[in-house]
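Observations on chain architecture
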Amino acid sequence: MTEDNEDFLDEEFLDANNSVDIDDENKGLYEHLNITVDGNQEPLRIDKFLFNFRQNSSRNKISQTCRAGNVVVNGNPVKQNYRVKPGDQISVLLTHPPRENFIVPQDIPINIVYEDDDLIVVDKDPGMVVHPGFGNWDKTLVNALAFHFQKNGQKSDLDRVGLVHRIDKDTSGLLVIAKTEYALSFLAKQFFERTTKRLYWAFVWGNVKDEEGTITGHIGRHPKNRMQMHTYVDGSQGKHAVTHYKVLERFRYMTWVECKLETGRTHQIRAHFKHIGHTLFNDERYEGNIALRGVNLPKYKQFIKNVFDVLPRHALHAHTLGFIHPTTKKELYFESPMPQDMTDAVKKWRNYLEN
């Protein structure tokens, strides 16, 4: 049995119909996984079987790869409900070539706020990708962690265990990384059951009407812009999502809000607030990188440009993280202060309103 370290088909490369343009002969594809099923293997759906080998890929991505015709058993493409049998020869084919030495230790500074034998908590800077992937093979948080573990003589298979959750490249704040399979399973259960204590800080365009509120609506891929997620209030597409928010400070044309997620969907805060007309401040992907609120005056437009200069990314920060420790069973709780770029933006807004 051979295996390399690639993710399955990424949702970013799917079109609005969750399909890819691949011909019947799979031309231009590369083999990323080749498995001969053990003779003692019990019948098992192939998406579940492959998930055991690629636990840093979701079953949804594995199913999408099957639907695209990129999972081949004994020479024939199969669907995700195919049941593997002893002796089956399984291949996974993707559109980009495999990478050797997928996780390369790199000496990149990271802010470690807590560490023990079971886990490590990191306060991630904005602009750092969490995990290597297509287009971002190195200089990620995982590369930095691999170097940290190597330097300290620790062993942790970051490709199989490690990331319990992720945040976007330009989102700053707290992440927990497991060091053992048991810690990963124990922590993942808490995230799945939403018993962790996580709050996000966000700056959004406009003056949010209510002091507190809840945004409810399924989150799914945007029907026209595949780089965005979209809110489907009628539930016709996507997955159920709920975001609770509270206003912390108002800046007339921008509002600082605290968000608590009842669910954890991709781009949930970004998509939900765009849906209610309050796109995240300077969120380029969701068209928040222009002056969406305010006056049509040169002085104001210059002010917004100055704020964008000090906060050159979407204004979202993972402020708190609390969970039960896998070994001690005691609660750990962490708070990350507002990063410098968001702090500078607040100062500019306060000064603008005072003057």
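Up top is the structure these notes are about.
Residues numbered from 1 in each chain as written. Predicted model: local features only at pLDDT ≥ 70, side-chain atom pairs only at ≥ 80, totals over all residues. Heavy atoms only, no water.

1. A short note on the environment of E262
Tracing the chain through its elements places E262 in the loop between β16 (254–261) and α5 (268–275). Looking at E262, the relative accessible area reads 40%, which means it is partly exposed. Spatially, the C-alpha atom of E262 lies 9.9 Å from that of T214, the residues being 48 residues apart in sequence. Residues in contact with E262, not counting those within four places in the same chain, are R194, V242 and H244. A distance of 2.7 Å separates the side chain of E262 from the side chain of H244, its partner in a polar contact. (Helix = DSSP H or I, 4+ residues; strand = E, 2+ residues; numbered from the N terminus. Buried < 20%, exposed > 50% of the residue type's maximum accessible area, 1.4 Å probe, protein only. Contact = heavy atoms within 4.5 Å. Polar contact = N/O pair within 3.5 Å; in protein donor to acceptor, adjacent residues only side chain to side chain.)

2. Describing helix α7 (residues 340–354)
For α7, spanning 15 residues, the distance from its first C-alpha to its last is 21 Å, which sits close to the expected 21 Å at 1.5 Å a residue. Of all the residues in α7, the buried ones are D341, M342, A345, V346 and W349. On an axial view of α7, the arc spanned by its buried residues comes to 140°, and they lie on one face. In this structure, α7 carries Q340, K347 and E354 as exposed residues pointing more than 90 degrees from its buried face. Along its buried surface, α7 packs onto β11 (197–205), β16, α6 (298–310) and β17 (316–324). (Expected span 1.5 Å × (residues − 1). Arc of directions from axis to C-beta.)

3. Quick look at the packing of aromatic side chains
What the rule picks out here adds up to 17 aromatic pairs. On the numbers, 4.2 Å between centres and 15° between planes, the contact of F303 with Y352 is stacked. Here the residue F303 occupies a position in helix α6, and Y352 occupies one in helix α7, the gap between them amounting to 49 residues. With relative accessibility at 23%, the residue Y352 sits in the partly exposed group. Joined through ring pairs, the aromatic side chains of W205, F251, Y253, F281, Y300, F303, F308, W349 and Y352 make up one cluster. (Phe/Tyr/Trp six-rings, centres within 6.5 Å; stacked < 30°, edge-to-face > 60°.)

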